[in-house]
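What the coordinates show
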Amino acid sequence: MKLQARCDNCKAYLLFHANVSDRFELARKRSDNIELKCSNCGTNKTYKVNEIRAVENKILSLLDVLIFLAGTIGLFAYLWPFFFKILYIYTIAGLVGALTIPFLIYQAINHGRENKVQYFNSKRYG
C-alpha cells in the first residue's frame, strides 16, 4: 500500500510503501512513531501513525486499465470469427456477454484497492 505524510517544513508529501491493511498493523510493524526524511528539504521528523494516510497508487491504476484494454481486445480478436458463423441471436448475445469479462475483472481489482485505501484511512490508532 502506498502511504503518505506531509512535511511540516516545506509542505511536500513524503511517500513510502508498506504491506499493511490498517494503522494497527502499521504500528505493530514499524512502531507508533515513524521517522521519515523529506527528500525536498532534508529534514527528519517523527510522524505518529494517525498522521499517515493511504493514497491510491496511480501506477497500479494504469496497469489495471492496460490489462482491461488488452483483455478486451484479445477476447474480441479471439471471438471475431464466430460472430459471422453463428445465426442464433442468443449465441451472439452470449459472445457479446463474454466480452464483459475483462471489465468485471477490472472492476473487481479497482474496487478492492479503493476499499483498502478507504479502510486504512477510516481506522484511527490509539
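Residues numbered from 1 in each chain as written. Predicted model: local features only at pLDDT ≥ 70, side-chain atom pairs only at ≥ 80, totals over all residues. Heavy atoms only, no water.

A few words now on the state of the cysteines. Under the definition given, this model contains zero disulfides. Cys41 provides the cysteine sulfur closest to Cys7, a residue in no disulfide bond, and the two sulfurs are 3.7 Å apart. Its relative accessible area of 3% is what places Cys7 among the buried residues. Lacking any disulfide linkage, Cys41 is separated from the closest cysteine sulfur, that of Cys38, by 3.7 Å. (Disulfide = S-S within 2.5 Å. Buried < 20%, exposed > 50% of the residue type's maximum accessible area, 1.4 Å probe, protein only.)

Once that is clear, we can look at the confidence of the model for the protein. Confidence in the prediction for the protein averages 86 pLDDT; 99% of positions are at 70 or higher. Mean pLDDT across the secondary structure elements of the protein bottoms out at helix 3 (residues 89–98), with 78, and peaks at strand 5 (residues 53–55), with 91. (pLDDT = per-residue confidence, 0-100. Helix = DSSP H or I, 4+ residues; strand = E, 2+ residues; numbered from the N terminus.)

A word on the pattern of salt bridges. Between side chains of opposite charge, a pair can form when the charged atoms approach closely. Summed over the entire model, instances satisfying the criterion amount to four salt bridges. With a closest N to O distance of 2.8 Å, Asp8 and Lys45 form a salt bridge. Placement of Asp8 in the loop between strand 1 (2–6) and strand 2 (13–17) and of Lys45 in strand 4 (residues 44–48) is noted, with a sequence separation of 37 residues between them. Residue classification places Asp8 among the partly exposed positions, given a relative accessible area of 47%. In this structure Lys45 comes out as partly exposed when scored by relative accessible area, which is 27%. (Salt bridge = Lys/Arg side-chain N within 4 Å of Asp/Glu carboxyl O.)

Time to look at the packing of helix 2 (residues 58–85) against helix 3. Relative orientation of the contacting elements helix 2 and helix 3 amounts to 170 degrees, with a least axis distance of 10 Å. Put simply, helix 2 runs roughly antiparallel to helix 3. Where helix 2 approaches helix 3, its residues Leu75, Leu79, Phe82 and Phe83 are matched on the opposing element by Ile92, Leu95, Val96 and Ala98. In terms of residue class, the contact of helix 2 with helix 3 is built from eight nonpolar, no polar and no charged. (Axes fitted to C-alpha atoms, helices over the stretch in contact; angles between N-to-C directions. Parallel < 35°, antiparallel > 145°, perpendicular 65-115°, else oblique. Contact = heavy atoms within 4.5 Å. Nonpolar A, V, L, I, M, F, W, Y, C, P; charged D, E, K, R; others polar.)

By secondary structure assignment, the location of Arg23 is in helix 1 (residues 23–30). Comment: no salt bridge for buried Arg23; closest opposite-charge side chain is Asp22, at 9.0 Å. Once you skip the residues sitting within four places of it in the chain, Arg23 turns out to touch Val49, Asn50, Ile52, Arg53, Phe120, Asn121, Lys123, Arg124 and Tyr125. (Lys, Arg positive; Asp, Glu negative; His and termini not counted.)

Here the focus is the nonpolar core. When a protein is soluble and globular, its nonpolar side chains tend to lie buried together. Among the nonpolar cores identified, the biggest contains 19 residues, and Leu3, Val20, Leu26, Leu36, Tyr47, Ile52 and Phe120 are the most heavily contacted of them. When residues no more than four places from it in sequence are discounted, the contact partners of Leu36 are Ala5, Leu14, Phe16, Thr43, Asn44, Lys45 and Tyr47. (Core = buried A, V, L, I, M, F, W, Y, C linked by side-chain atoms within 4.5 Å.)

Here the focus is the packing of aromatic side chains. When we look at a pair of aromatic rings, we describe it by the centre distance and by the angle of the planes. A full pass over the atoms with the stated rule returns three aromatic pairs. For the pair Phe68 and Phe103, a centre-to-centre distance of 5.9 Å together with 65 degrees between the ring planes defines the contact as edge-to-face. Of this pair, Phe68 sits in helix 2 while Phe103 sits in helix 4 (residues 101–122), placing them 35 residues apart in sequence. Take Phe68: its relative accessible area is 23%, and that puts it in the partly exposed class. Geometrically, the ring pair formed by Phe68 and Tyr106 is tilted, given 5.4 Å between the ring centres and 35 degrees between the ring planes. Of this pair, Phe68 sits in helix 2 while Tyr106 sits in helix 4, and the two are 38 residues apart along the sequence. (Phe/Tyr/Trp six-rings, centres within 6.5 Å; stacked < 30°, edge-to-face > 60°.)

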